[in-house]
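Working through the structure, step by step
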Amino acid sequence: MATLDLLGDWKRTQYAGDLRAGDADKDVLLMGWVHRRRDLGNIIFIDLRDRAGITQIVFNKELAPAVHARAEELRGEYVMAVRGRVSRRQKPNPELASGEVEVFAAELRILNTAKTPPFVVEDDVSASEETRLHYRYLDLRRSRPQRNIALRHKIFLEIRRTLDGLGFYEIETPMLTRSTPEGARDYLVPSRIHHGHFYALPQSPQMFKQLLMISGLDRYFQIVRCFRDEDLRADRQPEFTQLDLEMSFPTQETIFGVIEQVMVRACAAAGIEVKAPFRHMEYREAIRRYGIDKPDLRFGMELREVTEHFAAAREKLHLEGSVHVVVAPGAASFSRKQLDELGEQAKGLGARGLYTIKVTTESASSPLEKTLGAGAVQNIVAATDAKAGDLIVAVSAAEQIPGTDAAALIAGQLRLALAERLNLVPKNRWEFLWLTGFPLFEWGLSEKRWVAAQHPFTGIREEDVHKLESAPQEVRSKGYDLVLNGSELGSGSIRLHSQELQARVFALLGLNEEQRRQRFGFFLDALTYGTPPHGGIALGLDRVVALLAGEKSIREVIAFPKTTAAQDLMADAPAEVEPEQLEELGVAIRPSGG
């Protein structure tokens, strides 16, 4: 094992990965890790890695024999510092940003040794995600996560600069607050001082940011950690970061203008040019055209309703509700196996049936001819503008859900799957969309009643207020979503500031006076002291960074993420605690199911 040196008074002059041809003949002092070692006898090449990248260090036995001898002790992931002169490389390495130069070592200090890592610290890592997360501190040494973390920093910095320039205050809201059992489950924190009482980690600073508007602070934002105890997937984590924002006296367009400036500059930090204003679309139009409330506008394949063409066979096909189709360009060549797989996928999404029509140069062929007739099949082809070589996919829903077009939702999912399978989604196109006109209520399948589609403080479009009690399914909110390339970045709304309207919404949600006071008492009190019109939004920044970085999972842009089982494999959390700690908190653990 190598003898370690002290850092002493050495000070790094610059990052290794920042060296360029213009630095030739400069004396530099670099520090970092041994990325790769190549020993050619009289010459040892060391690729020195730091957060900016890699530079080749040359240890020449003839020029500096003592330094060369010391370099023979270097191994992978050793920590080193080297002083030397920058020189142009005879054979530049185009794969490195610093590939035009190398550094001839004059002095070397070995600052620490390292065990052999469980995987090679390179971007083309073969280790499983579980292994990488267990050794996350090693995984973060790779250039790809380093770039992601650097991009995250740049985006956050641009957000702060933009909002500061627009007159917003950055204000912290409490991390320990009250549990409000709406939406996802809370993470609870037992109180040591008040046995039997619990704080909750915030799912969102929603009520606090509205209180800041009641307080007269006018423009607030926060890059805040939030917590939700829910099942995870690629774009969810139990703790996540969001941009939280609220304004007093805004119109919907005022908030859109602010967020568009934020997103234009955030994209620029990632080297992506987008232009404002962004497109707008009503919720009902999005469902009708794309079958989803976060449509991906990078490609066409819009849905068409063809219910009328199935009228003669409704009983025979056991159809309820509508029939929607999506046309898959060039997919008439799908095999029977591929069509069967598509049918199984549709059933998994809740379809009663999937019906296909292959369009050829001469005609159209489909099993539907037996039930609808050849004329009806040709009418469907005409109604969808399908071309020769296309595949028409029609779906109906097995179960109807109040307030939604279930068949359109299924067709929307098939649209996305077919576009991905047919490679029709452009990779370097950025399509932002403001989605508005959401239903204020949605039907709760488990509750068997109307529930708040967003949260109970969401404003109501003035022209729909008279329908609150008579036709709640038709009431549209003043809510809005920001969508990018088919991913929802965040939601917001103009809020309710009228006590009378707030009481009517609570009544529709089935909350009596006692329940209202128990859950929102302090907030309802605040509303009685002169609440201004206000509104805001929250954007999921982990998702924003992941999209701009080209990552499919937000875990790739978070320094220390949890697994899909909500575990921190590196820190081994969650973990059991000592009985004494539980006793002090007044908490007892009983066996699962007990």
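For the structure itself, look to the data block above.
In this report, we go over the structure that sits alongside the text. (Residues numbered from 1 in each chain as written. Predicted model: local features only at pLDDT ≥ 70, side-chain atom pairs only at ≥ 80, totals over all residues. Heavy atoms only, no water.)

**Structural notes on the environment of Glu-584**
Under the convention used in this document: Counting from the N terminus, the helices are DSSP H or I runs at least four residues long and the strands are E runs at least two residues long. Whether a residue is buried, partly exposed or exposed follows from its accessible area with a 1.4 Å probe, protein chains only, as a fraction of its type maximum: under 20%, in between, or over 50%, in that order. Residues are treated as being in contact if the distance between any of their heavy atoms lies within 4.5 Å.
Looking at the element boundaries, Glu-584 is found in helix H16 (residues 579–585). Residue class for Glu-584 comes out partly exposed when judged on its relative accessible area of 48%. The sequence separation of Glu-584 and Gly-216 amounts to 368 residues, and the corresponding C-alpha distance is 41 Å. The contact partners of Glu-584, leaving out residues within four places of it in the chain, are Arg-192 and His-195.

**Observations regarding the sheet that holds strand E10 (residues 239–248)**
Our working rule: At least two DSSP bridges between two strands are needed for those strands to be called paired. In this description, a line fitted to the C-alpha atoms serves as the axis of each element, helices being fitted only across the stretch in contact, and the angle between N-to-C directions of two axes falls anywhere from 0 to 180 degrees.
Ordered in space as E6-E9-E10-E22-E21-E20-E17-E11, the eight strands form an open sheet in which the pairing is mixed. Here the strands that pair on one side only, and so sit at the sheet edges, are strand E6 (169–170) and strand E11 (279–282). In the sheet, E6 pairs with strand E9 (residues 219–227) via two bridges, with the strands oriented parallel. Directly across from Glu-170, in E9, lies its bridge partner Phe-221. Helix-sheet contacts for helix H5 (residues 206–214) involve E9, E10 and strand E22 (534–540), and the interaxial angle to E10 is about 25 degrees.

**What to know about empty space enclosed by the protein**
Convention followed: Here a cavity denotes a set of grid points, spaced 1 Å apart and computed over the protein atoms alone, in which a 1.4 Å probe fits but from which it cannot get out, and a pocket denotes an open set meeting protein on both sides within 12 Å along at least five of seven lines; residues with an atom within 4 Å of a point are reported as lining. Grid points are joined across faces, edges and corners, and a volume is the space filled by probe spheres set on the points. Residue type decides the class: Asp, Glu, Lys and Arg count as charged, Ala, Val, Leu, Ile, Met, Phe, Trp, Tyr, Cys and Pro as nonpolar, and the leftover types, Gly among them, as polar.
Summed over all chains, the structure comprises one cavity of 30 Å³ or more. One number sums up the size of the largest cavity: a volume of about 30 Å³. Lining the largest cavity, in full, are Leu-133, Arg-136, Phe-560, Pro-561, Asp-568, Leu-569 and Met-570. Tallied by class, the residues present in the lining of the largest cavity amount to five nonpolar, no polar and two charged.

**Section: the packing of helix H4 (residues 143–165) against helix H15 (residues 541–549)**
Formally: When an angle is under 35 degrees it counts as roughly parallel; over 145 it counts as roughly antiparallel; between 65 and 115 it counts as roughly perpendicular; any other value is oblique. Two helices that cross are described as forming a left-handed crossing if the nearer one is turned anticlockwise from the farther one by less than a right angle, and a right-handed crossing if clockwise.
Closest axis-to-axis distance for the H4/H15 pair is 10 Å, and the angle between their directions is 120 degrees. One element, H4, and the other, H15, form an angle in the oblique class. Judged by the sense of rotation from one axis to the other, the crossing of H4 with H15 is right-handed. For the pair formed by H4 and H15, the contact residues are Asn-148, Leu-151, Arg-152, Ile-155, Phe-156 and Ile-159 on the first element and Leu-541, Asp-542, Val-545, Leu-548 and Ala-549 on the second. Its residues placed into classes, the contact of H4 with H15 shows eight nonpolar, one polar and two charged.

**Regarding the packing of helix H9 (residues 336–348) against helix H12 (residues 406–421)**
Two quantities define a packed helix pair, namely the angle between the helix axes and the distance between the axes. Between H9 and H12, the shortest axis-to-axis distance is 10 Å and the interhelical angle comes to 140 degrees. One finds that H9 runs oblique with respect to H12. Relative to H12, H9 is oriented so that their crossing is right-handed. When H9 is examined against H12, the residues Gln-338, Leu-342, Gln-345 and Ala-346 are found in contact with a partner set consisting of Ile-410, Leu-414, Ala-417, Leu-418 and Arg-421. The residue inventory of the contact of H9 with H12, partitioned by class, reads six nonpolar, two polar and one charged.

**Quick look at the sheet that holds strand E13 (residues 323–328)**
An order of E12-E13-E16-E14-E15 is seen for the five strands of this open sheet, with the pairing classed as antiparallel. The open sheet is flanked by strand E12 (304–305) and strand E15 (364–365), the only strands paired with a single partner. The strands that helix H11 (residues 374–384) touches are E12, E13, strand E14 (351–359), E15 and strand E16 (391–397); relative to E14, the one it contacts most, it runs at about 85 degrees.

**Topic: the packing of aromatic side chains**
How we decide: By convention, a stacked pair of Phe, Tyr or Trp rings (six-membered ring in the case of Trp) has centres within 6.5 Å and planes under 30 degrees apart, an edge-to-face pair has planes over 60 apart, and any other such pair is tilted.
Counted according to the given criterion, the structure contains 12 aromatic pairs. The interplanar angle of 85 degrees and the centroid separation of 6.2 Å between the aromatic rings of Trp-434 and Tyr-480 together place this pair among those described as edge-to-face. One end of the pair, Trp-434, is in strand E17 (residues 432–436); the other, Tyr-480, is in strand E20 (residues 479–484), with 46 residues separating them in the sequence. With a relative accessible area of 0%, Trp-434 lands in the buried category. Looking at Tyr-480, the relative accessible area reads 0%, which means it is buried. For the pair Phe-506 and Phe-520, a centre-to-centre distance of 5.5 Å together with 10 degrees between the ring planes defines the contact as stacked. Of the two residues, Phe-506 sits in helix H13 (residues 499–508) while Phe-520 sits in helix H14 (residues 513–527), which places them 14 residues apart along the sequence. There is no split in this pair, since Phe-506 and Phe-520 are both buried.

**Notes on H13**
Since the α-helix turns once every 3.6 residues, residues separated by three or four places project in the same direction. Heads up, the condition is: What the arc describes is the spread of directions from the helix axis to the C-beta atoms.
Looking at H13, one finds that the buried residues are Leu-501, Gln-502, Val-505 and Phe-506. Buried residues along H13 cover an arc of 140 degrees about the axis, so they all sit on one side. Tucked into the core, H13 has its buried residues touching strand E18 (441–444) and H14. The positive-phi residue at the C-terminal boundary of H13 is Gly-510, with phi of around 80 degrees.

**Remarks on the environment of Pro-118**
Along the chain, Pro-118 turns up in the loop between strand E5 (101–112) and helix H2 (129–134). Considered as a pair, Pro-118 and Thr-3 are 115 residues apart in the sequence and their alpha carbons are 24 Å apart. Look past the residues within four positions of Pro-118 in its chain and what remains in contact with it is Tyr-135 and Leu-138.

**Section: H14**
To be explicit about the condition: Given the number of residues in a helix, its expected span is that number minus one, multiplied by 1.5 Å. What we call the bend at a residue is the angle made by axes fitted to the seven residues finishing there and the seven residues starting there. In the analysis that follows, any N or O atom pair within 3.5 Å is treated as a polar contact, provided that within protein one partner can donate a hydrogen and the other can accept it, and provided that, for residues neighboring in sequence, both atoms belong to side chains.
In a regular helix each residue adds 1.5 Å, so 15 residues correspond to 21 Å; H14 covers only 15 Å between its end C-alpha atoms and thus falls short of that length. The sharpest bend along H14 measures roughly 95 degrees and falls at Phe-520. Those residues of H14 lying buried are Arg-516, Phe-520, Gly-521, Phe-523, Leu-524, Ala-526 and Leu-527. Looking at the buried residues of H14, the elements they touch are H5 and H13. Residue Asn-512 occupies the N-cap position of H14, its side-chain oxygen lying 3.1 Å from the main-chain nitrogen of Glu-514.

**Brief notes about a negative patch on the surface**
Our working definition: Patch rule: a residue counts if its relative accessible area is over 30% and it has no salt bridge; like charges are joined within 9 Å, and nonpolar side chains (Val, Leu, Ile, Met, Phe, Trp, Tyr) within 5 Å. Throughout, the Shrake-Rupley method with a 1.4 Å probe supplies accessible areas, and for residues the shown protein chains are the sole cover considered. A pairing counts as a salt bridge when a side-chain nitrogen of Lys or Arg comes within 4 Å of a carboxyl oxygen of Asp or Glu. For the purpose of charge, His is not counted, nor are the chain termini; Lys and Arg are scored as positive and Asp and Glu as negative. A charge is said to be at NZ when it belongs to Lys, at CZ for Arg, at CG for Asp and at CD for Glu.
On the surface, Glu-578, Glu-580, Glu-583 and Glu-584 cluster together into a negatively charged patch. Considering the arrangement of structural elements, one finds Glu-578 in the loop between H15 and H16. Taking relative accessible area as the criterion, Glu-578 reaches 49% and is therefore assigned partly exposed.

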